[in-house]
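# Fold and geometry: a report
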Amino acid sequence: MISKVATGVARTVGAARARVTEWRSERQRVALVPTLGALHDGHRALIEHARRQADRVVVSVFVNPKQFGPGEDFGAYPRPESEDLDLLRASGVDLLFAPPLEVMYPDGFATTVSVGGPLTTTLEGAHRPGHFDGVATVVSKLFIQIAPDLALFGEKDWQQLQVIKQLVRDLELPLEILTVPTVRDGEGLALSSRNAYLTPEQLAIARKLNRVLQDVASKAAKGDVLGARGNASSQLREAGFDSVDYVEIADAETMQPAPVAEGRALRVLAAARIGGTRLIDNFPVEPPT
Ligand code: PAF
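Everything in this summary refers to the structure shown in the same document. Numbering of residues starts from 1 in every chain and runs along the sequence as written. Only residues with pLDDT of at least 70 get local features here, since the model is predicted, and only at 80 or more are side-chain atom pairs given and counted; chain-wide, interface and lining totals rely on the full set of residues. The basis for the side-chain values is all heavy atoms of the structure; hydrogens and waters are excluded.

### Description of unusual backbone geometry
Here is the rule we go by: In this description a helix means any DSSP run of H or I spanning at least four residues, a strand means any run of E spanning at least two, and both kinds are numbered starting from the N terminus. Here the term buried applies to any residue with accessible area under 20% of the maximum for its type, exposed to any over 50%, and partly exposed to those in between, with areas from a 1.4 Å probe on protein chains only.
With omega at 5 degrees, the peptide bond leading from Ala 258 into Pro 259 counts as cis. For Pro 259, the position within the fold is in the loop between strand E7 (243–251) and strand E8 (266–274). Look at Arg 27: it is not a glycine, yet its phi comes out positive at around 60 degrees. Secondary-structure assignment places Arg 27 in the loop between helix H1 (13–25) and strand E2 (30–35). Owing to a relative accessible area of 78%, Arg 27 belongs among the exposed residues under this scheme. You will see that Ala 38, though not glycine, has its phi angle at about 55 degrees, which is positive. Looking at where Ala 38 falls in the secondary structure, it is placed in the loop between E2 and helix H2 (41–53). Ala 38 gets classed as buried once you look at its relative accessible area, which sits at 11%.

Below is the structure:
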């Protein structure tokens with residue numbers, strides 16, 4: 001049987017802060033799991049990890065317009081708030097912070113937080129101009145609003161994770177960033193709220209993304225980095241993807257495309273489209289065991 005806890009709901013910064021201040025005055029550790037909502041098992045894994053690391057868990061749900069470009073799916077992005085609340089209750093979350101747009105970005109809001117350098121201009125940054133500014137701005141606000149001891153992010157958005165780590169380092173924000181491995185379905189498809197857009201036929205194609213990337217990663221791990229990257233796009237198109245934004249083998253931290261300095265960890269990262277749905281995924285390039 002699923003035991004449900006009383007998950008509070010805060011729609012204003014004042015209400016969220018009041019709860020967090022109370023917990024912190026009792027020396028309880030507070031974790032934040034920022035999300036766009038439409039919660040699934042990937043979010044559940046973040047929450048479970050947060051519960052092991054902290055006394056209290058806050059989940060934010062905010063579909064952040066600043067990280068969606070023109071023509072992207074901001075309007076269509078699923079917003080199933082009552083199902084989300086059920087999942088949060090069943091997962092033992094203490095507080096849902098779900099601010100309306102005008103609370104997050106009141107009239108006259110004029111500040112952008114921007115992480116500079118190749119980390120934000122390559123790969124996702126090149127294909128979604130302004131996306132990482134939107135992420136850095138909203139995540140900075142959430143960190144200031146909630147003042148958590150730790151915040152958790154999934155490895156599925158690998159480049160986003162590196163951007164957030166850089167932001168926290170550069171601004172010396174007083175919190176710890178924890179990461180949780182990508183949660184996949186039985187066929188290896190990375191869970192994503194956007195998978196809900198796929199028809200059954202498209203889902204079958206989507207499930208090939210992880211296989212192609214694992215194949216690329218294993219070829220690269222055997223030393224043929226350039227050859228592995230060279231074939232990757234055509235492998236994805238042969239698998240049924242309509243277009244490929246990028247498949248890259250890059251420094252896992254700086255996102256600089258390979259070849260990179262000796263001894264640096266590499267990561268295979270890709271974004272590809274089926275119909276109107278854009279999927280991303282990534283895998284480490286690990287030396288063969
Ligand atoms: O990864 C996401 O869900 C979003 O980019 C985040 C970190 C919640 C910021 O809106």
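### Considerations on the pairing of E8
Threshold: When DSSP finds at least two bridges between two strands, those strands are taken to pair.
Burial within E8 is extensive, with eight of its nine residues counted as buried. Judged from the eight bridges that link them, E7 and E8 form a sheet pairing that is antiparallel. Bridging across to E8, Ala 250 finds its partner in Arg 267. Pairing between E8 and strand E9 (residues 277–285): nine bridges, direction antiparallel. By the bridge assignment, Ile 274 is partnered in E9 with Thr 277. Here E8 folds back onto E9 in antiparallel fashion, the turn holding two residues, of which Gly 275 has a positive phi close to 55 degrees.

### Overview of the nonpolar core
To keep things clear, this is the line we draw: What makes a nonpolar core is a set of buried Ala, Val, Leu, Ile, Met, Phe, Trp, Tyr and Cys residues whose side-chain atoms join them at distances within 4.5 Å. In what follows, residue pairs with any heavy atoms lying within 4.5 Å of each other are defined as contacts.
Ranked by size, the top nonpolar core spans 42 residues in total, and within it Val 58, Phe 97, Val 139, Phe 143, Phe 153, Ile 164 and Ile 177 carry the most contacts. Ranked by residue count, the leading element in this core is helix H7 (residues 131–146), at eight residues. Among all residues touching Val 139, those that are not within four sequence positions of it are Phe 153, Ile 164 and Leu 167. Ala 217, Ala 220, Val 225 and Phe 283 belong to the second largest nonpolar core, which has 28 residues in total.

### Observations concerning the packing of helix H10 (residues 208–221) against helix H11 (residues 225–238)
As a reminder of what qualifies: Think of each axis as a best-fit line through the C-alpha atoms, taken over the contacting stretch in the case of a helix, with angles from 0 to 180 degrees between the N-to-C directions. Roughly parallel means an angle under 35 degrees; roughly antiparallel, over 145; roughly perpendicular, 65 to 115; everything else is oblique. A crossing counts as left-handed when the near helix is turned anticlockwise from the far one by less than a right angle, and as right-handed when that turn is clockwise. Ten residues, namely Ala, Val, Leu, Ile, Met, Phe, Trp, Tyr, Cys and Pro, are considered nonpolar, four, namely Asp, Glu, Lys and Arg, are considered charged, and the remaining ones, Gly among them, are considered polar.
Between H10 and H11, the shortest axis-to-axis distance is 8 Å and the interhelical angle comes to 165 degrees. As judged from the angle between their axes, H10 and H11 are roughly antiparallel. Pair H10 / H11 crosses with right-handed handedness. Along its contact with H10, which presents Leu 209, Val 212, Asp 215, Val 216, Lys 219 and Ala 220, the element H11 presents Val 225, Ala 228, Ala 232, Gln 235 and Leu 236. Across the contact of H10 with H11, the residue classes tally to eight nonpolar, one polar and two charged.

### Notes on the pattern of salt bridges
Just so we agree on the cut-off: The salt bridge criterion pairs a side-chain nitrogen of Lys or Arg with a carboxyl oxygen of Asp or Glu, the two atoms within 4 Å.
Per the stated rule, a full pass over the model turns up 18 salt bridges. Two residues, Lys 219 and Asp 215, come together in a salt bridge whose shortest N-O distance is 3.2 Å. On the criterion of helical spacing, the pair formed by Lys 219 and Asp 215 is a turn pair, its members being four residues apart in helix H10. Residue class for Lys 219 comes out partly exposed when judged on its relative accessible area of 30%. Asp 215 sits in the partly exposed class, given a relative accessible area of 29%. Arg 264 is the partner of Asp 251 in a salt bridge, and the nearest nitrogen-oxygen pair spans 2.6 Å.

### Description of the site of the ligand
The following threshold applies: Proximity criterion: a residue is near a molecule or strand once any of its heavy atoms comes within 4 Å of it. Any pair of N or O atoms that falls within 3.5 Å is considered a polar contact. Within protein, one atom must be able to donate a hydrogen and the other to accept it, and sequence-neighbouring residues count only if both atoms are side-chain atoms.
Residues in contact with the ligand, as listed here, are Pro 34, Thr 35, Leu 36, Gln 67, Val 138, Phe 153, Asp 157 and Gln 160. Within the side chain of Gln 67, a nitrogen or oxygen atom sits 2.6 Å from an oxygen atom of the ligand. Here an oxygen atom of the ligand sits 2.7 Å away from a polar atom, N or O, in the side chain of Gln 160.

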